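Close look at the chain arrangement
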Amino acid sequence: SQSRYFASSFNKVYLEEKLSNELTEHASLTLLNVDNFSYVNLSYGFDIGDKLLVGIANELRQLCLEAELCRINSDEFAILCVDESRIKERIEKIRTHFSKFSFYIEDININVSFSYGASLVIFKAMVLGMWIIILTDFKHHSTPTIDFL
């Protein structure tokens, strides 16, 4: 089960609570959706997909040590950071890292890319659902798009 692998990751409920109750300063929220993840599950099975998600989470944690990483859906992650001025640099760091990085899982080479959405979080009444809708729009672009709202 995926849930046991992500016991150390924050989840969607945690993020919603953090956005609505605890943020007292400006922050940035970056959403990442793993491109074509359903093909990994269909081609290689859910066990490989689970292992890939764990690997992705581990890599993202190492790349974003100053931020909080949350897994908000099966193949979607959120990065919440109080340093709002570095959104572009953070996304570029992630994009560059994963463009050069391959996961090797049970002799299968898997490359990963993301669709991104990012915003400054400047008020407490944020609703995570709104950001997920925005990210869904990004997923449907033929090329990765970075928009700053």
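To keep things clear, this report deals only with the structure shown in the data block.

1. Overview of the overall build of the protein
Across its full length, the protein carries 6 helices and 7 strands. Starting at the N terminus and walking to the C terminus, you meet the elements of the protein as α-β-α-β-α-α-β-β-α-β-β-β-α. Sequence separation of 24 or more characterises 74% of the internal contacts of the protein that already satisfy a separation of 6 or more. Working note: accessible area of the protein is about 8100 Å², and carbon and sulfur atoms make up 53% of it.

2. Quick word on the pairing of strand E3 (residues 68-73)
Residues in a regular strand point their side chains to alternate faces of the sheet. Relative to E3, strand E1 (residues 10-11) runs parallel, the two being bridged by 2 bridges. Paired with Asn11 across the two strands is Arg71, which belongs to E3. The sheet contact formed by E3 and strand E4 (residues 76-81) spans 5 bridges and is antiparallel. Across the sheet, the residue bridging to Asn73 is Glu76, located in E4. Joining the antiparallel neighbours E3 and E4 is a turn of 2 residues.

3. Quick look at the pairing of strand E2 (residues 27-34)
Most of E2 sits out of view: 8 of its 8 residues are buried. Along E2, one buried face is formed by Ala27, Leu29, Leu31 and Asn33 and the opposite face, lined by Ser28, Thr30, Leu32 and Val34, is buried too. Bridging between E2 and E4 involves 6 bridges; their strand directions are antiparallel. Note that in E4 the partner of Leu31 across the bridge is Ala78.

4. Topic: the state of the cysteines
Where two cysteines share a covalent bond between their sulfur atoms, that bond is called a disulfide. Enumeration over the complete set of coordinates arrives at 0 disulfides. As a non-bridged cysteine, Cys64 has Cys81 as the owner of its nearest cysteine sulfur, 7.9 Å distant. Under the relative-accessibility criterion, Cys64 is labelled buried at 5%. The buried category is assigned to Cys81, whose relative accessible area is 1%.

5. Focus on the packing of aromatic side chains
Aromatic ring pairs are defined here through the distance separating the ring centres and the angle between the ring planes. Going through the model one piece at a time under the given rule, you end up with 5 aromatic pairs. Ring geometry for Phe101 and Phe103: centres 4.9 Å apart, planes at 80 degrees, overall edge-to-face. On the accessibility criterion, Phe103 (7% relative accessible area) is buried. Grouping aromatic residues by their ring pairs yields a cluster made of Phe98, Phe101, Phe103, Phe114 and Tyr116.

Reading guide: rules and limits
Residues numbered from 1 in each chain as written. Predicted model: local features only at pLDDT ≥ 70, side-chain atom pairs only at ≥ 80, totals over all residues. Heavy atoms only, no water. Helix = DSSP H or I, 4+ residues; strand = E, 2+ residues; numbered from the N terminus. Contact = heavy atoms within 4.5 Å. Areas by Shrake-Rupley, 256 points an atom, 1.4 Å probe, with all protein chains shown as cover. Pairing = 2+ DSSP bridges. Buried < 20%, exposed > 50% of the residue type's maximum accessible area, 1.4 Å probe, protein only. Disulfide = S-S within 2.5 Å. Phe/Tyr/Trp six-rings, centres within 6.5 Å; stacked < 30°, edge-to-face > 60°.

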